[in-house]
Amino acid sequence: MNDRQKYLFDLQGYLLIENVLSHADCDDAIGKIKALAKPMEKTPDGYDANGTWENVAGLYEAGEPFIKMINQPDITDVLTEIIAPALRCESCYSFVRHKGCPPFEMHGGHRGGRVNFRYDVHNGQIYTGLTVVSIALQDISEADGGFACIPGSHKSDFSVPSEDRKELFALGGPLVRNI
């Protein structure tokens, strides 16, 4: 990681790395995802999907370009810096959400003693857990949705008060940012 990336990751809790894959790789991945997608009855949060959510599990078995995605130096250089030199990829999947779909509620966030939400910096070295790589295979405008987070929430020692959760976690609210 360069100094700019360290600063931005420490400040925001995420990095945006553009143009990691070629247009051909993105088109290939989209085609394979469309061919393998299966409708979901329920969203991960338990809402009725109503035909607006699809899932593809085990993208490794689909081969390229998914294998290439987990070995991109622009990504692995960052991950080895903040996790460890030896990386383990636990899952590789795709959610396809269509306009009008029920939400995927904000999750995680505060450390609250849970080791996989830890975030610390000692002597210029970042240490963090539960790190996710999300790859957008096509351009997504803020109005389209896509990946959203609350910047810096991984550093919070306090959970969101339940009475404020809906307002603070709302898309377009004071905290949530579309990336």
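Residues numbered from 1 in each chain as written. Predicted model: local features only at pLDDT ≥ 70, side-chain atom pairs only at ≥ 80, totals over all residues. Heavy atoms only, no water.

J.: Got a minute to help me understand the overall build of the chain in this structure?
T.: A count of helices and strands for the chain gives 5 helices and 7 strands. If you list the helices and strands of the chain from N to C, you get α-α-β-β-α-α-β-β-β-β-α-β. At 17 Å, the chain has a C-alpha radius of gyration in line with the 16 Å of a compact globule built from 179 residues. Projected onto its principal axes, the C-alpha coordinates of the chain cover approximately 45 × 40 × 25 Å. Taking all 179 residues of the chain together, 27% fall into the buried category. (Helix = DSSP H or I, 4+ residues; strand = E, 2+ residues; numbered from the N terminus. Rg over C-alpha atoms; globule rule 2.2 N^0.38 Å. Buried < 20%, exposed > 50% of the residue type's maximum accessible area, 1.4 Å probe, protein only.)

J.: Help me understand the pattern of salt bridges in this model?
T.: For side chains bearing opposite charge, pairing can occur when the charged atoms are close. This model, assessed by the stated rule, comprises 4 salt bridges. Between Asp48 and Lys42 there is a salt bridge; the shortest N-O distance is 2.7 Å. A salt bridge links Glu90 to Arg88, with the shortest nitrogen-to-oxygen separation between them at 2.3 Å. (Salt bridge = Lys/Arg side-chain N within 4 Å of Asp/Glu carboxyl O.)

J.: Sorry, what's going on with the confidence of the model for the chain here?
T.: As a general rule, the predicted coordinates of low-pLDDT regions are not to be interpreted in detail. Averaged over all residues, the pLDDT of the chain equals 84, while 93% of them reach at least 70. For the chain, the element scoring lowest by mean pLDDT is strand β6 (residues 148-149), at 80; strand β1 (residues 38-39) scores highest, at 96. (pLDDT = per-residue confidence, 0-100.)

J.: Looking at this structure, I do not really get a nonpolar patch on the surface. What am I missing?
T.: Residues Leu16, Phe147 and Ile179 make up a contiguous nonpolar surface patch of roughly 280 Å² in combined accessible area. When you line up the elements, Ile179 lands in the segment after β7 (177-178). The exposure class of Ile179 is partly exposed, given its relative accessible area of 33%. (Patch = residues over 30% accessible without salt bridge, like charges linked within 9 Å, V, L, I, M, F, W, Y side chains within 5 Å. Areas by Shrake-Rupley, 256 points an atom, 1.4 Å probe, with all protein chains shown as cover.)

J.: Can you help me understand the side chain of Asn178 in this one?
T.: Considering the arrangement of structural elements, one finds Asn178 in strand β7. Beyond its immediate stretch of four places on either side in the chain, Asn178 contacts Glu142, Gly145, Gly146, Phe147, Ala148 and Leu171. (Contact = heavy atoms within 4.5 Å.)

J.: Help me out: how do you make sense of the sheet that holds strand β2 (residues 53-56) in this one?
T.: Adjacent strands of a sheet pair through backbone hydrogen bonds, lying either parallel or antiparallel. Ordered in space as β1-β2-β3, the 3 strands form an open sheet in which the pairing is antiparallel. Since the sheet does not close on itself, it has two edges, and those belong to β1 and β3 (94-97), each with one partner. As defined by bridge partners, β2 adjoins β3 across 4 bridges and the pair is classed as antiparallel. Bridged to Trp53 within β3 is Arg97. (Pairing = 2+ DSSP bridges.)

J.: Whenever I open this one, the side chain of Asp25 confuses me. Can you help?
T.: Its location among the elements puts Asp25 in helix α2 (residues 23-36). Assessed through its relative accessible area of 14%, Asp25 is described here as buried. Beyond its immediate stretch of four places on either side in the chain, Asp25 contacts Pro65 and Lys68.

J.: Even after reading the chapter, I still don't get the environment of Phe158, so can you show me in this structure?
T.: For Phe158, the location among the structural elements is in the loop between β6 and α5 (165-168). Sequence-wise, Phe158 and Asn2 are 156 residues apart; in three dimensions their C-alpha atoms are separated by 30 Å.

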